[in-house]
Amino acid sequence: MRAALLTGQRQIEIADVPEPELLPGSVLVEIERCGISGSDVVAWQTGDLPAPAWFGHEWVGRVAQVGEGSSDRFEGERVVGGVPAPCGRCQPCRSGMGSICQMVLSMIVGTDERSAGHGAFAERIRVDSRRVHRLPEGVDGPMGALAEPAAVAAHAVRRAQPSLGDVVLVVGTGTIGLLVAELARLAGASRVVAVDTEESRRELACSLGADAAFAPGEDLVRWLAVQGHGLGADLVFDCAGGSAALETGLSAARYGATVVLVGFTAAEAMMSADQTLRRELTVIGSLGYSVADVHRALDLMADERYRVDELVSHTVGFSDLSEAFLELSQPLGIRSSPTANRPKVLFNPTLT
Ligand SMILES: [Zn+2]
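Bear in mind the structure is a predicted one, so any value in this text is a computation, not a measurement.

Draft legend 1. Structural view of the overall build of the protein chain. When helices and strands are tallied, the protein chain shows 11 helices and 15 strands. Taking 20 Å as the expected radius of gyration for a compact globule of 352 residues, we find that the protein chain reaches 20 Å, a close match to that expectation. With the principal axes as the frame, the protein chain shows a C-alpha extent of 60 × 45 × 35 Å. The burial tally for the protein chain puts 52% of its 352 residues in the buried class. Across the protein chain, the fraction of contacts at a sequence separation of at least 24, relative to all contacts at a separation of at least 6, is 74%.

Draft legend 2. Here's a closer look at the environment of I14. When you line up the elements, I14 lands in strand β2 (residues 11–16). Among all residues touching I14, those that are not within four sequence positions of it are R2, A4 and F318.

Draft legend 3. Structural view of the packing of helix α4 (residues 147–160) against helix α5 (residues 175–186). Viewed as axis vectors pointing N to C, α4 and α5 meet at an angle of 50°, and their least axial separation amounts to 8 Å. With respect to α5, the axis of α4 lies oblique. As α4 runs across α5, the sense of the crossing is right-handed. Together, P149, A150, V152, A153, A154, A156 and V157 of α4 and T175, I176, L179, V180, L183 and A184 of α5 make up the contact between the two elements. Of the residues that constitute the contact of α4 with α5, the class distribution is 12 nonpolar, one polar and no charged.

Draft legend 4. View of the nonpolar core. Ranked by size, the top nonpolar core spans 108 residues in total, and within it A150, A153, V170, V180, A181, A233 and V236 carry the most contacts. It is α4 that provides the largest number of residues to this core, a total of nine residues. Each of domain 1 (2–150 + 289–347) and domain 2 (154–285) contributes no fewer than three residues to this core. If near-sequence neighbours (up to four positions away) are discounted, A181 is found in contact with V170, V192, A194, A205, L208 and A210.

Draft legend 5. Main features of the confidence of the model for the protein chain. Predicted confidence across the protein chain gives a mean pLDDT of 93, with 97% of residues reaching 70 or more. The secondary structure element of the protein chain with the lowest average pLDDT is helix α1 (residues 38–46), at 91, and the one with the highest is strand β11 (residues 233–238), at 98. This stretch, residues 334–339, has a pLDDT under 50; its non-local contacts, to residues over four places away or in other chains, come to 36 contacts.

Draft legend 6. Broad picture of helix α11 (residues 321–328). Taken together, the buried positions of α11 are L321, A324, F325 and L328. Seen end-on, α11 carries its buried residues on one side only, within an arc spanning 100°. Elements in contact with the buried residues of α11: β1 (2–8), β2, α1, β14 (312–316) and β15 (344–347).

Calculation notes
- Residues numbered from 1 in each chain as written.
- Predicted model: local features only at pLDDT ≥ 70, side-chain atom pairs only at ≥ 80, totals over all residues.
- Helix = DSSP H or I, 4+ residues; strand = E, 2+ residues; numbered from the N terminus.
- Rg over C-alpha atoms; globule rule 2.2 N^0.38 Å.
- Buried ≥ 20, exposed ≤ 12 C-beta atoms within 10 Å, placed from the backbone.
- Contact = placed C-beta atoms within 7 Å.
- Axes fitted to C-alpha atoms, helices over the stretch in contact; angles between N-to-C directions.
- Parallel < 35°, antiparallel > 145°, perpendicular 65-115°, else oblique.
- Left-handed = near helix turned anticlockwise from the far one by under 90°.
- Nonpolar A, V, L, I, M, F, W, Y, C, P; charged D, E, K, R; others polar.
- Core = buried A, V, L, I, M, F, W, Y, C linked by C-beta atoms within 7 Å.
- Domains from an automatic or database assignment.
- pLDDT = per-residue confidence, 0-100.
- Arc of directions from axis to C-beta.

This is the structure in structure tokens:
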């Protein structure tokens with residue numbers, strides 16, 4: 001069986017690997033598509049992986065075999081990779097924060113005992129049956145590969161709890177930023193504005209329903225002065241990460257605004273405690289997603305309440321995978337984080 005393995009910094013090897021062994025409680029999935037995520041690109045750039053199964057985690061496929069003791073009978077069904085229900089025992093769980101359950105996080109990054117020795121840039125993968133979710137009617141196969149980033153976006157919006165009529169600012173128009181913009185509208189925002197330095201991404205944001213999109217600067221300030229009744233944004237999602245993006249978001253936030261941190265950044269991003277206090281800002285961190293986020297993201301996708309097909313730029317096979325990583329790693333706009341403005345490229349193992 002073929003699998004694309006990350007073997008070092010900027011090194012992908014297309015290897016013949018043994019068929020994954022079906023373990024009790026696991027399923028074998030024939031991969032149909034796997035999205036290249038921002039964190040995959042960072043792993044490719046650095047050569048650092050938490051576990052081999054992390055490299056290629058936004059997948060959709062069909063269940064080929066079900067192991068003994070699986071949580072459900074999924075034979076022949078089209079599924080996406082997600083997360084299991086929280087363990088209920090770790091410290092976050094005992095604090096009522098199941099969405100950052102340590103067992104759940106270990107499954108996301110592929111360090112749990114049933115994880116395969118490779119990710120889903122492969123023909124087949126073994127996965128713990130508890131983290132497999134059925135694709136609902138109405139979501140076609142390729143779009144299922146967007147379920148994972150859509151769940152991350154749903155988690156951020158649910159954490160933020162938008163109010164009816166909120167003016168929402170999304171900084172960074174990567175896949176997750178664009179999905180956050182769409183979902184914030186569904187959650188009650190009256191105005192949604194996106195910020196990015198890359199014009200093509202701003203155009204995409206507007207075609208997906210943002211009211212406006214700007215490069216950082218005066219145009220954004222003027223727009224918010226009119227649409228935000230001279231106050232600014234009620235809710236800011238930083239989906240880019242890094243100092244410049246955070247500063248853009250904070251400077252546009254009204255007094256009493258909520259600021260949600262979604263985009264990872266390896267660099268320090270400074271936030272003034274004094275300004276946060278004086279402006280009574282609420283700052284929320286948003287990490288990963290829960291089972292409920294997966295289900296809600298998929299159900300809304302099935303009902304065509306938001307669009308994901310336009311997020312996909314193109315699809316590659318094994319032979320073009322390295323080239324796709326090279327292209328995605330080129331500097332482009334507000335791209336200080338894995339979730340910044342990269343186009344979404346899908347992998348299809350049946351392509352050469
Ligand atoms: Zn837990």
